[in-house]
Amino acid sequence: MPKEGSTEAPIRHPIDFKNPDFLNPEKLDAEMRRVFDICHGCRRCFNLCDSFPKLFDLIDNSKEENIESVSSDKFPVVADACTLCDMCFMTKCPYVPPHEFNLDFPHLILRYRTLQKKKNKLLTIPNQLAKIDRNARIGVIFSRIINWFSNIKNKLLRSLLELVTGIDKRVELPKYNFETFTNYFKKNKYPTNNNAPGKNRKVVIYSTCFVNFNKKNTGIAALKVLKKKWCRSTKCLSGMLWYAFF
Ligand code: SF4
Ligand code: SF4
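Keep in mind that this is a model prediction, so the values were computed, not measured.

*Asks:* Just to check I follow, could you spell out helix H2 (residues 51-60) for this structure?
*Replies:* In an α-helix, one full turn covers 3.6 residues, which means residues spaced three or four apart are oriented alike. Listing the buried residues of H2 in full gives Ser51, Phe52, Leu55 and Ile59. When H2 is viewed along its axis, its buried side chains cluster within an angular range of 90° and face the same direction. Turned more than 90 degrees away from the buried face of H2, the exposed residues are Asp57 and Asp60.

*Asks:* How should I be thinking about the site of ligand 1 in this particular structure?
*Replies:* Taken together, 13 residues lie around ligand 1, and Leu48, Cys49, Cys82, Cys85 and Cys88 are the ones closest in. Listed by contribution, the elements that provide at least two residues to the shell around ligand 1 are helix H4 (87-92) and helix H5 (105-118). Among the residues making up the shell around ligand 1, the classes are represented as 10 nonpolar, two polar and one charged.

*Asks:* I would appreciate a short explanation of helix H9 (residues 155-165) in the present structure.
*Replies:* Across the 11 residues that make up H9, only a small minority, one, are buried. Immediately downstream of H9, the backbone of glycine 166 shows phi near 85°, a positive value.

*Asks:* Looking at this structure, I do not really get unusual backbone geometry. What am I missing?
*Replies:* Of all residues except glycine, most have a negative phi; of all peptide bonds, most are trans. Here the amide bond leading from proline 97 into proline 98 is cis, since omega sits at 20°, within 30 degrees of zero. Of note, proline 98 is situated in the loop between H4 and H5. For arginine 43, which is not a glycine, the phi torsion comes out positive at approximately 65°. By the secondary structure assignment, arginine 43 is in the loop between helix H1 (25-42) and H2. Of note, the phi angle at aspartate 86 is positive, near 80°, even though the residue is not glycine. Tracing the backbone shows aspartate 86 in the loop between helix H3 (75-80) and H4. Aspartate 86 sits in the partly exposed class, given 14 other C-beta atoms within 10 Å.

*Asks:* In this structure, what is going on with the site of ligand 2? I would like to understand it.
*Replies:* Of all residues adjacent to ligand 2, which total 13 residues, the nearest are Cys39, Cys42, Arg44, Cys45 and Cys93. Contributions of two or more residues to the shell around ligand 2 are made by H1 and H4. It is H1 that provides the largest number of residues to the shell around ligand 2, a total of three residues. Across the shell around ligand 2, the residue classes tally to 10 nonpolar, no polar and three charged.

*Asks:* Quick question: what am I supposed to make of the nonpolar core here?
*Replies:* Side chains of nonpolar character tend, in soluble globular proteins, to be buried together. Ranked by size, the top nonpolar core spans 21 residues in total, and within it Val35, Phe36, Cys39, Leu55, Cys93, Leu103 and Phe105 carry the most contacts. Broken down by secondary-structure element, the contributors of at least two residues to this core are H1, H2, H4 and H5. A total of four residues in this core trace back to one element, the largest contributor, which is H1. Residues in contact with leucine 55, not counting those within four places in the same chain, are Phe36, Cys39, His40 and Val78.

*Asks:* Whenever I open this one, the packing of H1 against H5 confuses me. Can you help?
*Replies:* For the pair H1 and H5, the least separation of the axes is 11 Å and the interaxial angle reads 150°. Here H5 runs roughly antiparallel to H1, going by the angle between their axes. Seen from above, H1 lies across H5 with left-handed handedness. Between H1 and H5, the residues in contact are Pro25, Leu28, Glu31, Met32 and Val35 and Phe105, Leu108, Arg111, Tyr112 and Leu115, respectively. A per-class count over the contact of H1 with H5 returns eight nonpolar, no polar and two charged.

Conventions we followed
Residues numbered from 1 in each chain as written. Chains lettered and ligands numbered in written order. Predicted model: local features only at pLDDT ≥ 70, side-chain atom pairs only at ≥ 80, totals over all residues. Buried ≥ 20, exposed ≤ 12 C-beta atoms within 10 Å, placed from the backbone. Helix = DSSP H or I, 4+ residues; strand = E, 2+ residues; numbered from the N terminus. Arc of directions from axis to C-beta. Near = placed C-beta within 6 Å. Nonpolar A, V, L, I, M, F, W, Y, C, P; charged D, E, K, R; others polar. Core = buried A, V, L, I, M, F, W, Y, C linked by C-beta atoms within 7 Å. Contact = placed C-beta atoms within 7 Å. Axes fitted to C-alpha atoms, helices over the stretch in contact; angles between N-to-C directions. Parallel < 35°, antiparallel > 145°, perpendicular 65-115°, else oblique. Left-handed = near helix turned anticlockwise from the far one by under 90°.

Structure (structure tokens):
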């Protein structure tokens, strides 16, 4: 009896990138067809992002209104619209493992992109925009001019940016910090709070690139709270999680 997914935490299988089939174009195509077909029947993620509406339109407008009548050269429309936010896997999909469908849409797109990269077929502009560490370091160094340039009120320059990069001129872009959170952390040693309730515990802050480059004040606020309430000493690392206690 298949188990209904999403009634418990999803199981995330590691990406099977060492498997020789991982970058096999035929196997990948077959897996994309399998997943797209399930999604077309489900449609639960219709409002999560651009990928799903594009997928549903692609199949609905095909000759037989099924995945078999969609040519694989149309798949990039769906895959390129995915921002890998992980929402479909983490919050919506009832077919994630342990369900027997074993569906992981974001990992499928990662697999697709890995193959595109190997074939040197990744789209140039999104590929360059995705180099966050490099771009954001430049953004922090030239924050004043870049924040002015990217301001939504700066209509002419934003139209130009839209033309070159495809970034919609109506989108409010995050501002860059004048310094990274990591740098702020190194410069500002908070004194140990010996009266803190968790004074014998240590904490590591994983600042995330967004806080590090764009929202330093969020990190500073967290530092203040942690110093007051919890910890004896603090280390700062970049990464995905906010903080971990020892
Ligand atoms: S991971 Fe991709 S497909 Fe899934 S919700 Fe996010 S953008 Fe959409
Ligand atoms: S990812 Fe899951 S929930 Fe979303 S449309 Fe596909 S099958 Fe449905």
